[in-house]
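Coordinate inspection notes
So the chains spell out like this:
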Amino acid sequence: METQKIDVKDLQKAADLLLQGKVVAFPTETVYGLGACIFLEGAVEEIFRAKGRPSDNPLIAHICDLNSLDQIAQDIPDVFYKLADFFFPGPLTLVIPKRKEVPSVVSAGLDSIAVRMPSHKTARDLIRLVGSPVVAPSANISGRPSSTQVSHVLDDFSGKIAGVVLGEASNIGIESTVVSLMNGKIEILRPGAISQEELETCLGQKVSVFTPDKDFLGPLPSPGMKYRHYAPHAKVQLFFSMEKAIKAYKKGDLYHKVMILSNQPFEKVESFPLTMNSFYSYLRLADKDNYQEILIICDEETQGNKGLMNRIEKSAGL
Ligand code: TXA
Ligand code: MG
């Protein structure tokens, strides 16, 4: 199949493909999404096939306004509206009770649905043209770094999906914060651009963070957490001090091609900046240019960014 490259001015073309049950990638402010119409089961199944995504990992429903909420969710707790009022549209995903009309393939059999209203205008315009919520995981082959640019989407899906909307690079660069509001709890399932502190300030109460310990045997509240994510082929090593990183670099095999991600100069060796909106691009570049190792130096500022630290640790397989 030829993947149509759709200009933002021709958004109706992308909406038509989605309404015909096809899969179309589109830009959001966090990362690119791989979209399908929420009520077209075959299209949703196609997303799982194209990504090689395990069927027990549920998808996020993207909405353009709160009017479409009643089509997909029920018994919505008050705290949802408090958070939505403050953070929608934006990089926050809220998990609430699902309506049974939503195909169970969307939420991998769970009785909840993850909902997000992107702040990216093209994404919202597209959803509006479709007329119903659009489900979209990050547009990457399962387990690989997410896509923040059209070229990343084409590298993974050219010839495998019906179309891609030609947007600009995602300006946030890591995925949304996922918060579960199920069973009267408020729990962060995946850290992201919106921090625990921001959520607590908005709500005026503590918000917990779900951290599965090693012996946790029960079903995970967010199934995506059990899979290895955001991993390049290169071996990723993390350092919290420049001295240790330099030592490791000097001890290393000189025949290795090493990429250095650091916000401070790294001796006289070329390094790339470690920022939220360039991280995935460098992981992908490392694969393209056959780097064998990536040394990541996490300064204090990086360590304070829980969303970015989570992605860095996962890329290292931690
Ligand atoms: O920023 C984002 O969230 C991007 C853009 C495209 O919107 N999307 C994204 O989707 O990151 P994905 O599929 O790569 O990650 C969705 C995460 C997974 O960890 C999944 O397990 C979790 O959300 N999730 C989805 N539905 C859930 C549910 N009903 N209950 C708990 N976790 C859920
Ligand atoms: Mg993903």
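Described in the following lines is the structure provided in the data block. (Residues numbered from 1 in each chain as written. Chains lettered and ligands numbered in written order. Predicted model: local features only at pLDDT ≥ 70, side-chain atom pairs only at ≥ 80, totals over all residues. Heavy atoms only, no water.)

Some words on the sheet that holds strand 6 (residues 112-116)
Definition in use: If DSSP finds at least two bridges between two strands, the strands pair. Numbering of helices and strands starts at the N terminus; helices are DSSP runs of H or I of at least 4 residues and strands are runs of E of at least 2.
Taking strand neighbours across the sheet as the criterion, the eleven strands line up as 1-8-2-3-7-4-6-5-9-10-11 in an open arrangement whose pairing is mixed. The open sheet is flanked by strand 1 (4-6) and strand 11 (208-209), the only strands paired with a single partner. As defined by bridge partners, strand 9 (residues 177-180) adjoins strand 10 (residues 187-190) across three bridges and the pair is classed as antiparallel. Of the residues in strand 10, the one forming a bridge with Ser180 is Glu187.

A look at unusual backbone geometry
Keep this limit in mind: Three labels apply to residues, based on accessible area from a 1.4 Å probe with only protein chains included: buried if under 20% of the type maximum, exposed if over 50%, partly exposed otherwise in between.
Note that the residue after Phe88, namely Pro89, is joined by a cis bond; omega there is -10°. For Asp75, which is not glycine, the phi dihedral falls at a positive 45°. Locating Asp75 in the fold gives a position in the loop between helix 3 (69-72) and helix 4 (78-87). Look at Asp75 and you get exposed, because its relative accessible area is 64%. In this model, Ala108 sits at a positive phi of 50°, which is unusual for a non-glycine residue.

What about the packing of aromatic side chains?
Quick reminder of the rule: Here a Phe, Tyr or Trp ring, Trp counted by its six-membered ring, pairs with any other such ring whose centre lies within 6.5 Å, and the pair is stacked when the planes are under 30 degrees apart, edge-to-face when over 60, and tilted otherwise. For a Lys NZ or an Arg CZ to count as sitting over a ring, it must be within 6 Å of the ring centre and within 35 degrees of the ring normal.
In the structure shown here, the tally under the stated rule is six aromatic pairs. Relative to Phe87, the ring of Phe86 has its centre 4.9 Å away and its plane inclined at 70°; by these criteria the two rings are edge-to-face. Phe86 sits in the exposed class, given a relative accessible area of 57%. Measuring from ring centre to ring centre gives 5.5 Å for Tyr249 and Phe266, while their planes differ by 85°; the resulting arrangement is edge-to-face. Of this pair, Tyr249 sits in helix 8 (residues 242-251) while Phe266 sits in the loop between strand 13 (258-261) and helix 9 (279-288), and the two are 17 residues apart along the sequence. On the accessibility criterion, Phe266 (1% relative accessible area) is buried. Grouping aromatic residues by their ring pairs yields a cluster made of Phe80, Tyr81 and Phe88. The ring of Tyr291 has Lys257 lying over it, and the distance from NZ or CZ to the ring centre is 4.7 Å.

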